Amino acid sequence: MTKSLSAIFSFFVFLLIMTAAGFARTAENHSTSRPAHLGTVAVRGLVNITIDDVSANESDGSMTFTVSLSEPPTSNVTVRYATSDGSADAGDDYTAKSGTLTIPTGVTSGSITINLIDDNIDENSETFNVNLSNPSANANIQDSQGRGTIRDNDSPPSISINDATADEGDGTITFSVSLSEISGKNIEVDYATSDGSAQAGSDYTAKSGTLSISAGASSGSITIAIIDDTLDEPSETFEVDLGNPDNATSADDNATGTIRDNDPQPSLSIDDEAADEWDVSLTFTVKLSKASGKEVKVDYATNDGTATAGSDYTDKSGTLTFSPGTTSKSFSVNITDDSIDEDDETFEIELSNAQNADISDDTATGTIRDNDLPSLSIDDPSVPENK
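Described below are features of the structure shown in this document. In this text the structure is predicted, and so the values were computed from the model without any measurement.

**Considering the overall build of the chain**
Phase 1: Within the chain, the secondary structure is distributed over 1 helix and 27 strands.
Phase 2: Put simply, of all contacts in the chain between residues at least 6 apart along the chain, 69% involve residues at least 24 apart.
Phase 3: Of the accessible surface of the chain, which amounts to about 21000 Å², a share of 47% is contributed by carbon and sulfur atoms.

**Structural notes on the sheet that holds strand β10 (residues 158-161)**
Phase 1: In space, the 4 strands of this open sheet follow the order β15-β12-β10-β17, with mixed pairing throughout. Two strands lie at the open edges of the sheet, namely β15 (219-225) and β17 (249-252), each paired on one side alone. Taking each pair of neighbouring strands and ignoring which way they run, the sheet shows an average axis angle of 25°.
Phase 2: Note that β10 and β17 share 3 bridges and pair parallel. Along β17, the bridge assignment pairs S160 with D252.

**Topic: the nonpolar core**
Phase 1: One finds I49, F128 and L132 to be the most contacted residues of the largest nonpolar core, which totals 25 residues.
Phase 2: Listing elements by their share of this core, those giving two or more residues are β1 (47-51), β2 (54-57), β3 (62-69), β4 (77-85), β5 (98-103), β6 (109-115), β7 (126-133) and β8 (139-141).
Phase 3: Among the elements that make up this core, the one with the highest residue count is β3 (4 residues).
Phase 4: Beyond its immediate sequence surroundings of up to four residues, I49 is in contact with V67, S68, L69, V77, V79, L132, P135, A139, N140, I141, Q142 and D143.
Phase 5: Residues F175, Y204, I226 and V240 belong to the second largest nonpolar core, which totals 24 residues.

**Remarks on the side chain of T193**
Phase 1: Here T193 is to be found in strand β13 (residues 187-195).
Phase 2: Sequence-distant contacts of T193, defined by excluding residues within four places in its chain, comprise Y204, A206, K207, I224, F238, E239 and V240.

**Topic: the environment of S339**
Phase 1: Within the secondary structure layout, S339 lies in the loop between β24 (328-334) and β25 (345-355).
Phase 2: Residues S339 and E277, spaced 62 residues apart in sequence, show a C-alpha to C-alpha distance of 9.8 Å.

**Topic: the side chain of T285**
Phase 1: Tracing the backbone through its elements, the reader meets T285 in strand β21 (residues 281-288).
Phase 2: A polar contact is formed between the side chain of T285 and the side chain of S330, at a distance of 3.0 Å.
Phase 3: Setting aside its immediate chain neighbours within four residues, T285 contacts S269, I270, D271, E273, S328, K329 and S330.

**Regarding the packing of aromatic side chains**
The geometry of an aromatic ring pair is captured by two quantities: the separation of the ring centres and the angle between the planes.
Phase 1: Inspection of every chain in the model, using the stated rule, returns 8 aromatic pairs.
Phase 2: Aromatic pair F284 and F347: ring centres 6.0 Å apart, planes at 75°, arrangement edge-to-face. Residue F284 is found in strand β21, and its partner F347 is found in strand β25; the two are separated by 63 residues along the sequence.
Phase 3: Relative to F331, the ring of Y300 has its centre 3.9 Å away and its plane inclined at 20°; by these criteria the two rings are stacked. Within this pair, whereas Y300 is found in strand β22 (residues 296-304), its partner F331 is found in strand β24, the two being separated by 31 residues in sequence. The residues Y300 and F331 share a single accessibility class, namely buried.
Phase 4: Three or more aromatic residues link up through ring pairs in this structure, and these residues are F284, Y300, Y313, F331 and F347.

Thresholds applied
- Residues numbered from 1 in each chain as written.
- Predicted model: local features only at pLDDT ≥ 70, side-chain atom pairs only at ≥ 80, totals over all residues.
- Heavy atoms only, no water.
- Helix = DSSP H or I, 4+ residues; strand = E, 2+ residues; numbered from the N terminus.
- Contact = heavy atoms within 4.5 Å.
- Areas by Shrake-Rupley, 256 points an atom, 1.4 Å probe, with all protein chains shown as cover.
- Pairing = 2+ DSSP bridges.
- Axes fitted to C-alpha atoms, helices over the stretch in contact; angles between N-to-C directions.
- Core = buried A, V, L, I, M, F, W, Y, C linked by side-chain atoms within 4.5 Å.
- Buried < 20%, exposed > 50% of the residue type's maximum accessible area, 1.4 Å probe, protein only.
- Polar contact = N/O pair within 3.5 Å; in protein donor to acceptor, adjacent residues only side chain to side chain.
- Phe/Tyr/Trp six-rings, centres within 6.5 Å; stacked < 30°, edge-to-face > 60°.

Structure representation (structure tokens):
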């Protein structure tokens, strides 16, 4: 009987120990699992302090946090406070502040006002904190941190692209893409080239993509490769167009790229020619040293040598026009087939007034080979019979 009572007593002691251990673990878990910013649990006999979260527009000028007490205090309650940065930066977005808040006897709340800075940067909503610490002996901090959210009030910046010019030999041409204001957000915009008088593949390399301008930057750039050919040509242009801006509006979405030519103009020359008198005409060829991207013109005219215009050839003058890409032009001068046995005769062609070309050889000689021979005859002699 005594052993049975002893066993029962031991069992109840065991239960009491286990129950106490369970409560201890529960209390421990409750204490460690609370968010850090809530401070300590409510303490019976002390006034508990909490602070609220607040939102305001950037242009409101200030933001007021309310510090609340769980019940009216029987004596003044004091608590230290200080701001700290979140995504908002003190000095740029709000004015840092610290101090001691006093809540008088019988009053259940006090306030802390933080000044906001109204900038002109388009940005996401930003946050900072007001942290409570060092309460008076009659109070306990139950929620130690209030979060302030600053809502932005600025319009997104506008985006524009500038015209650009480069020499053909520079290899690239760079366009500047600018923002009207810096932004607190990353900005993206699509771009693509298109032909003008310049042709993709022969004058520049076509390109498209997306330009990113990081938060805080005021501009970005787009670089296009240009092709250095050997063709003398006018300055040529192509376009760069912007589209689909993100976190920005479009102010100027088109730019012209001008490629200045760096090639010397070609030179003109004319060859000497010869023909027989009976060939009716003599053809001269005027050549360009290389193809040109411009229209080339040159005047020509005949001049007498030993041959005389009107009797040996027909006087002629005019203008030759070379279309872009053309390298030679020909013209003919009529020659006269007379019946006079004579030496070979010559006249000249002179080039002048070249446009978009130099003249390296301005004179050609035309030789008319004679085709006439004299005829010989002999008379039969007669002598009188009586002589």
